[in-house]
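# Coordinate inspection notes
So the chains spell out like this:
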Amino acid sequence: MTTPVQILATPVAEAVDVRPPLKRPLAKLGLRTVRDVLFNFPRDYEDLSDLRGIEALEEDVLQTVRGTVEEVDSRSIGFGKTRVGVLIADRGFQLRATWFNQPFMRDKFKVGDRVQFSAKPKQRGGRWEMTHPHTVWLGDEFAEADQQSSTSELQPVYSLSDGITQFHMRRIAGKIVSEFAEVPDEVFSAELLAKYKLPTIHEALKAIHLPENREQVEQARRRFIFQELFVLQLALAARRHQQRVNFTAPELPVTAQIDARISRLLPFQLTAGQREAVEQIADDLSTTTPMNRLLQGDVGSGKTLVAVYALLVCVAHGYQAALMAPTEILARQHSHTLEKLLDQSRVRYQLLVGGLKPNERQEVLRQMVEGETDLVIGTHALLQEKVQFKNLGLVVIDEQHKFGVEQRASLRRGDRSPHYLVMTATPIPRTMGMTQFGDLDVSTLHDMPPGRQPVTSYVVGPGERERWWEFTRNKLREGRQAFVVTPLVEESENIAATSVDQAFEQLTSGELADFRVDILHGRMTPAEKDEVMERFRQGETQVLVATTVIEVGVDVPNASMMIIASPERFGIAQLHQLRGRVGRGKHAGFCAVLVDDETSDDARARLQKFADTHSGFELAEVDFAIRGPGDLFGTRQHGLPPLLVADLVRDGDVLVDARDAAIELFQADPGLSSHAKLRSQMLRKYGDALDLSDVG
Ligand code: ADP
Ligand code: MG
């Protein structure tokens, strides 16, 4: 007996008649088996529904005509090339179809045949012509065919390679689909298909290759998109489940005493949003199931305080905790914050960053292994090295979008896992949250700490520059501070002429000559950067000219001005991050993006949208819609294989359905034992990336 799997593995050339010269191009397209062809979806469709009389044709628009063959000729046009011409007529109007270098076309037509041609026509010498039209031989049905309906409105358009034409691809796909579309097994139950109004796999395969109308194509596409997203959601559900059953974390309940002790250390009363997030985290920490929580909140919403609370809960139970930041500047800043908070406490903490001397570093590592330090603040170097803790209970990762999914796993030991809290200030568009971060529980800070001032943003053109600098100088005289940010300079550009240096030169000898200006960029040593940041934090310098090293997290409440040069080189989410550096204290913030005459209209419109929109959540959706997910979270960074048919920007609605359905199915059958097909699809695509073991 032959199974469906075996049938689908049949080589194309054994399944249907394939002319030998076509075998190589098919292989080049990756089309070796029946399965390959069935799942090689058209990249587009030609709409042949615009059926007209020859006299009503328009140039360069895809149209369909019908007629009777009057003449067929074939001639050599030199250098071994040929041209086949077919003249058809319909009620006295004539049209000529031409094929170059397809001499076999000559034998396909006989005078008197009734045919249908579809192509974009051209008028030459008073006569209509079509080159390589899509052709249907109408046979006798033409006799009664009415001029309103054609035999098939939509023709699939496949990707091609050298040596194979659309005509041949359609023929091969058509045969395979007619013969084998019923073979693949349906992975969804009839109830599920009915509930989400999806066609069966058999209907969908036929419809996507040989549709009768657009509606059918859409239904079929929706089914395949649903399936792809469903399998992803199933994998994420399996991962969540396996994290729970395979790993144990320490129990860290928040007692009234612990809460009181921590609250005494914190400099502010928590906002309602911070309180809610803290409660959710406290719930997670109180069980042996490792926490996997994402804390998202707009720039400046006060995520650090929530993190500190969680870290101190962990330390209160005698476990070690780690706080990780994407940049050394941010790690050092967190260390400063904690230094102030922990002044009156017995918590022992260490900073572990790249800039340490070897013996200092050795000492920190020793304290970590031997449990002589409670809290370690570091960069992601913490994750990459084989860093040992004595009893790690909690890891907080700040600015998670800078880290990959897989890195979260690296601090596990055997079946012991710390609790994880990851934080991001780049609000995650809804659909991204459900996919790339789909294995996490989410807490969201919706409010801002009290007294927060709005940041007013302006798009400043060349004509308004001088007024803007005057405004900046006034603010500096009032005691405020300013950031001037220039884009990172690419490696290919001349290092000696970085724009941050240029901006610094220009401002110190011009607009800001009377003020204390400093410079900060990625080529400085960590110690140098730290000194510069510290001088700025202390108010010794008034203006900091910097690259995006200050993009995330930097917190200097007295800074109220953010000026961004070449803003078109930043993503919207990034601009919002930068803007979030000001307006953090009691002073209103101002942000200017400097455009010039060369800035394109598109870029200007995007920047204006940025200036007009205050909510990071709203902006993230805008940015996502314009630029797709790639720019927010590099696809390589998150570590999941790419989606082939689904598009997170376009298919958000299908995603919601697929997610509901996948979660429901997984809850009913966590081992997927009665869904072997889905299980194997899931493991094939996501087993490695999501580190899934086959528990079924
Ligand atoms: P982000 O969420 O961007 O990381 P931060 O944690 O850096 O934000 O907090 C932004 C600013 O708000 C900091 O200056 C911090 O001290 C202040 N802040 C945080 N929570 C509160 C609060 N509950 N009340 C008053 N100020 C707060
Ligand atoms: Mg932060």
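Parameters and conventions
Residues numbered from 1 in each chain as written. Chains lettered and ligands numbered in written order. Predicted model: local features only at pLDDT ≥ 70, side-chain atom pairs only at ≥ 80, totals over all residues. Heavy atoms only, no water. UniProt positions renumbered as here; feature names shortened; annotations may be inferred. Helix = DSSP H or I, 4+ residues; strand = E, 2+ residues; numbered from the N terminus. Buried < 20%, exposed > 50% of the residue type's maximum accessible area, 1.4 Å probe, protein only. Contact = heavy atoms within 4.5 Å. Areas by Shrake-Rupley, 256 points an atom, 1.4 Å probe, with all protein chains shown as cover. Lys, Arg positive; Asp, Glu negative; His and termini not counted. Charge placed at Lys NZ, Arg CZ, Asp CG, Glu CD. Near = heavy atom within 4 Å. Polar contact = N/O pair within 3.5 Å; in protein donor to acceptor, adjacent residues only side chain to side chain. Domains from an automatic or database assignment. Pairing = 2+ DSSP bridges. Axes fitted to C-alpha atoms, helices over the stretch in contact; angles between N-to-C directions. Phe/Tyr/Trp six-rings, centres within 6.5 Å; stacked < 30°, edge-to-face > 60°. Core = buried A, V, L, I, M, F, W, Y, C linked by side-chain atoms within 4.5 Å. Expected span 1.5 Å × (residues − 1).

- The protein chain carries the name ATP-dependent DNA helicase RecG in an unreviewed UniProt entry, which gives Aeoliella mucimassa as its organism.
- Under Sequence similarities (unreviewed entry), UniProt gives the following word-for-word description of the protein chain: "Belongs to the helicase family. RecG subfamily."

## Some remarks on the overall build of the protein chain
- When you go through the protein chain residue by residue, the secondary structure sums to 26 helices and 22 strands.
- Taken along the three principal axes of its C-alpha coordinates, the protein chain extends 100 × 70 × 45 Å.
- The buried share of the protein chain, taken over its 696 residues, is 52%.
- Within the protein chain, counting contacts between residues at least 6 apart in sequence, those at least 24 apart form 73% of the total.
- As displayed, the protein chain has an accessible area near 31900 Å², and 48% of this comes from carbon and sulfur atoms.
- Taken together, the 83 basic and 97 acidic charged side chains of the protein chain have centroids lying 2 Å from each other.

## Details of the site of ligand 1
- In the region of ligand 1, 18 residues are neighbours, and Gln269, Gly300, Lys303, Thr304 and Arg584 sit closest.
- Contacts to ligand 1 include Gln274, whose side-chain N or O atom sits 2.9 Å from a nitrogen atom.
- Here an oxygen atom of ligand 1 sits 2.6 Å away from a polar atom, N or O, in the side chain of Lys303.
- For ligand 1, the accessible surface in isolation is 570 Å², of which the surrounding protein chains cover 87%.
- Ranked by residues supplied to the shell around ligand 1, first place goes to helix H12 (residues 303-316) with three residues.

## A word on the domain arrangement of the protein chain
- Domain parsing of the protein chain yields domain 1 (1-45 + 169-184), domain 2 (49-151), domain 3 (256-445) and domain 4 (455-613).
- Taking only C-alpha atoms, the centre of domain 1 and the centre of domain 2 are 29 Å apart.

## Considerations on the sheet that holds strand S17 (residues 455-460)
- Strand order in the open sheet formed by six strands is S17-S22-S21-S18-S20-S19, with parallel pairing between adjacent strands. Strands at the two margins of the open sheet, each flanked by one partner only, are S17 and strand S19 (517-520). In this sheet, neighbouring strand axes are inclined to one another by 20° on average, regardless of whether the strands run parallel or antiparallel.
- Pairing analysis gives four bridges linking S19 to strand S20 (residues 543-546), with the strands arranged parallel. Following the sheet pairing, Ile519 is matched in S20 by Val545.
- Each of strand S18 (481-485), S19 and S20 is contacted by helix H18 (residues 499-509), which is oriented at about 175° to S19, the strand it contacts most.

## Overview of unusual backbone geometry
- Although it is not a glycine, Arg91 adopts a positive phi angle of roughly 45°.
- Within the secondary structure layout, Arg91 lies in the loop between strand S3 (82-90) and strand S4 (93-100).
- A relative accessible area of 55% means that Arg91 is categorised as exposed.
- The backbone phi angle of Ser566 is positive, close to 45°, even though this residue is not glycine.
- By secondary structure assignment, the location of Ser566 is in the loop between strand S21 (559-564) and helix H20 (572-579).

## Quick look at the packing of aromatic side chains
- Counted by the stated rule, this structure contains 14 aromatic pairs.
- With a centroid separation of 6.1 Å and 70° between ring planes, the pair formed by Phe109 and Phe117 is classed as edge-to-face. Grouping residues by exposure puts Phe109 and Phe117 together as buried.
- Summarising the aromatic geometry, the rings of Phe471 and Phe590 are spaced 4.9 Å apart at their centres and angled 90° between planes, so their arrangement reads as edge-to-face. Of this pair, Phe471 sits in helix H17 (residues 465-477) while Phe590 sits in strand S22 (residues 589-594); the two residues are 119 residues apart in sequence, bridging distant segments of the chain.
- Among the residues examined, Phe590 registers a relative accessible area of 13% and is labelled buried.
- Put simply, the rings of Phe188, Tyr196, Phe226 and Phe230 touch in pairs and so form one group of aromatic residues.

## Looking at the pairing of S4
- Two strands pair when backbone bridges link them, and S3 and S4 are joined in this way by eight bridges, in the antiparallel orientation. Considered in S4, the bridge of Val86 is made with Ala97.
- Hairpin remark: S3 followed by S4, antiparallel, with two residues in the connecting loop; positive phi at Arg91, about 45°.
- Pairing geometry for S4 and strand S7 (residues 127-131), over four bridges, is parallel. Of the residues in S7, the one forming a bridge with Thr98 is Thr131.

## Notes on the nonpolar core
- Membership of the largest hydrophobic core comes to 55 residues, with the highest contact counts inside it found for Phe226, Phe230, Leu234, Met368 and Leu382.
- If you list the elements that add at least two residues to this core, you get helix H7 (190-195), helix H9 (214-246), strand S11 (320-325), helix H14 (358-369), strand S14 (392-397), strand S15 (419-424), helix H25 (652-668) and helix H26 (676-686).
- At 11 residues, the largest contribution of residues to this core is made by H9.

## Focus on the environment of His134
- Note that His134 resides in strand S8 (residues 134-137).
- Overall, His134 belongs to the buried group, its relative accessible area being 14%.
- His134 sits 60 residues away from Ser74 along the chain, and the two C-alpha atoms are 19 Å apart.
- At 2.9 Å, the side chain of His134 forms a polar contact with the side chain of Arg170.

## Some remarks on helix H11 (residues 272-285)
- End to end, H11 covers 20 Å across 14 residues, agreeing with the expected 20 Å (1.5 Å per residue, within 8%).
- Among the residues of H11, those classed as buried are Gly273, Gln274, Ala277, Val278, Ile281, Ala282, Asp284 and Leu285.
- Close packing links the buried residues of H11 with strand S10 (292-297), H12, S14, S15 and strand S16 (441-445).

## Description of the environment of Gly354
- In this structure, Gly354 sits in the loop between strand S12 (349-352) and H14.
- Under the relative-accessibility criterion, Gly354 is labelled exposed at 55%.
- Spatially, the C-alpha atoms of Gly354 and Leu640 are 29 Å apart, while their sequence positions differ by 286 residues.

## Quick look at H25
- For H25, spanning 17 residues, the distance from its first C-alpha to its last is 25 Å, which sits close to the expected 24 Å at 1.5 Å a residue.
- Every buried residue belonging to H25 is among Gly652, Val654, Leu655, Ala658, Ala661, Ala662, Leu665 and Phe666, and all of these are buried.
- Lining the buried residues of H25 we find H7, H9, helix H16 (430-433) and H26.

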